[in-house]
Amino acid sequence: GAGVSQSPSNKVTEKGKDVELRCDPISGHTALYWYRQRLGQGLEFLIYFQGNSAPDKSGLPSDRFSAERTGESVSTLTIQRTQQEDSAVYLCASSLVLGGEYEQYFGPGTRLTVT
Amino acid sequence: AQSVAQPEDQVNVAEGNPLTVKCTYSVSGNPYLFWYVQYPNRGLQFLLKYITGDNLVKGSYGFEAEFNKSQTSFHLKKPSALVSDSALYFCAVRPFWGNNRLAFGKGNQVVVIP
């Protein structure tokens, strides 16, 4: 079956512009996660969603970052007024349910470059 | 909060030799532990996980990992490395009880030399 997909694969934007990144999780997966991977760094947790429960937004680095998910489908990560330090690969993952023993399945990522 | 340390930035190994990638963790209570691999320009792929039970866990592509509670370690191993194993390897931990955030290490670049 289809894996996690993300779009666009690459995004170049000017400082100060808003960007929207999209994630399509694996069908039937109720949990969805967003991570940021800076060059040479590990994965930095941003936010997760589980069904209709309130998301855990504790990893969002500033109020310029927000994310939405409709039910158990597509999610969008929005970065407003982008800064150069926002340049990174943004990875989305999904799992059958939240937490516990369930492994996460990752998309290929969106490489964001802020000029 | 949970955390992972992967002390070596890069691991070089000759093809056919044993491969070990080290991971130590910090978590409140018992852990769930995971290894992921990342090939260039691709997302992370799941390799194996420790949940409970046998300390030696076997995973994909001939990899295995050993959970050591007293040393809080979860080292990844492969008896005979292949050139195609060259990639970035990430260890991750989540607490058995509590928050559902998965904490990743910085990753280890593995280079298998032909």
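Up top you'll find the structure we're talking about.
Below is a summary of the structure that appears in this document. (Residues numbered from 1 in each chain as written. Chains lettered and ligands numbered in written order. Predicted model: local features only at pLDDT ≥ 70, side-chain atom pairs only at ≥ 80, totals over all residues. Heavy atoms only, no water.)

1. Here we look at the sheet that holds strand β6 (residues 65–69) of chain A
Residue and element names in this part refer to chain A. Spatially, the 4 strands line up as an open sheet ordered β1-β3-β7-β6, and their pairing is antiparallel. Both outer strands of the open sheet, β1 (5–7) and β6, are each paired with one neighbouring strand and no more. Pairwise comparison of adjacent strand axes, ignoring direction, gives a mean angle of 15 degrees for this sheet. Pairing of β1 with strand β3 (residues 19–24), which is carried by 3 bridges, proceeds in the antiparallel orientation. In the strand pairing of β3, Gln6 is matched with Cys23. (Pairing = 2+ DSSP bridges. Helix = DSSP H or I, 4+ residues; strand = E, 2+ residues; numbered from the N terminus. Axes fitted to C-alpha atoms, helices over the stretch in contact; angles between N-to-C directions.)

2. Notes on the packing of aromatic side chains
Inspection of the entire model under this criterion finds 17 aromatic pairs over all chains. Judged by centre distance (4.1 Å) and plane angle (20 degrees), the ring pair of B:Tyr50 and B:Phe67 falls under stacked. Here B:Tyr50, found in strand β6 (residues 44–50), pairs with B:Phe67, found in strand β8 (residues 64–68); they are 17 residues apart in sequence, far enough to count as distant. In this pair, the class of B:Tyr50 matches that of B:Phe67, namely buried. Among the aromatic residues, ring-to-ring pairing joins A:Tyr33, A:Tyr35, A:Phe45, A:Tyr48, A:Phe106, B:Phe34, B:Tyr36, B:Phe46, B:Phe90 and B:Phe104 into one connected group. (Phe/Tyr/Trp six-rings, centres within 6.5 Å; stacked < 30°, edge-to-face > 60°. Buried < 20%, exposed > 50% of the residue type's maximum accessible area, 1.4 Å probe, protein only.)

3. Side note on the interface of chain B and chain A
Each partner contributes residues to the interface: chain B has 20 residues there, and chain A has 22 residues. Between chain B and chain A lies a buried interface of about 1700 Å² when both sides are counted; carbon and sulfur atoms form 53% of it. Our enumeration of links across chain B and chain A arrives at 2 salt bridges. B:Arg101 serves as the salt-bridge partner of A:Asp56, at 2.8 Å between the closest nitrogen and oxygen. Run the count over chain B and chain A and you get 6 residue pairs in polar contact (both at pLDDT 80 or more). (Contact = heavy atoms within 4.5 Å. Buried area = accessible area lost by both parts, 1.4 Å probe. Salt bridge = Lys/Arg side-chain N within 4 Å of Asp/Glu carboxyl O. Polar contact = N/O pair within 3.5 Å; in protein donor to acceptor, adjacent residues only side chain to side chain.)

4. Considering the nonpolar core
In terms of nonpolar packing, the biggest core is built from 29 residues, with B:Leu19, B:Trp35, B:Leu47, B:Leu48, B:Phe74, B:Leu76 and B:Tyr89 touching the most fellow members. Within the residue set of this core, elements represented by two or more residues are β2 (10–14), β3 (19–21), β5 (31–38), β6, β8, β9 (73–78), β10 (87–95) and β12 (108–113) of chain B. Broken down by element, the residue count for this core peaks at 4 residues, all from β10(B). A:Leu32, A:Trp34, A:Ile47 and A:Ala67 belong to the second-largest nonpolar core, a separate cluster that totals 20 residues. (Core = buried A, V, L, I, M, F, W, Y, C linked by side-chain atoms within 4.5 Å.)

5. Overview of the side chain of B:Gln38
With respect to the helices and strands, the residue B:Gln38 is situated in strand β5. The exposure class of B:Gln38 is buried, given its relative accessible area of 11%. Within the structure, the side chain of B:Gln38 is placed 3.1 Å from the side chain of A:Gln37, a separation counted as a polar contact. For B:Gln38, the contacting residues outside a window of four places in its chain are A:Gln37, B:Gly43, B:Leu44, B:Ala87, B:Leu88 and B:Phe90.

6. Re the state of the cysteines
Here the structure, examined in full by the defined rule, presents 2 disulfides over all chains. The partner cysteine of A:Cys23 in its disulfide is A:Cys92, sulfur to sulfur 1.8 Å. Measuring handedness by torsion sign, the sulfur bridge of A:Cys23 and A:Cys92 sits at about -65 degrees and is left-handed. One end of the pair, A:Cys23, is in strand β3; the other, A:Cys92, is in strand β8 (residues 88–95), with 69 residues separating them in the sequence. Assessed through its relative accessible area of 0%, A:Cys23 is described here as buried. Given a relative accessible area of 0%, A:Cys92 falls into the buried group. The residue that forms a disulfide with B:Cys23 is B:Cys91, at a sulfur-sulfur distance of 2.0 Å. Linking B:Cys23 and B:Cys91, the disulfide has an S-S dihedral of approximately -60 degrees and is accordingly described as left-handed. You can see B:Cys23 sitting in the loop between β3 and β4 (24–26) and its partner B:Cys91 sitting in strand β10, a full 68 residues away along the chain. (Disulfide = S-S within 2.5 Å.)

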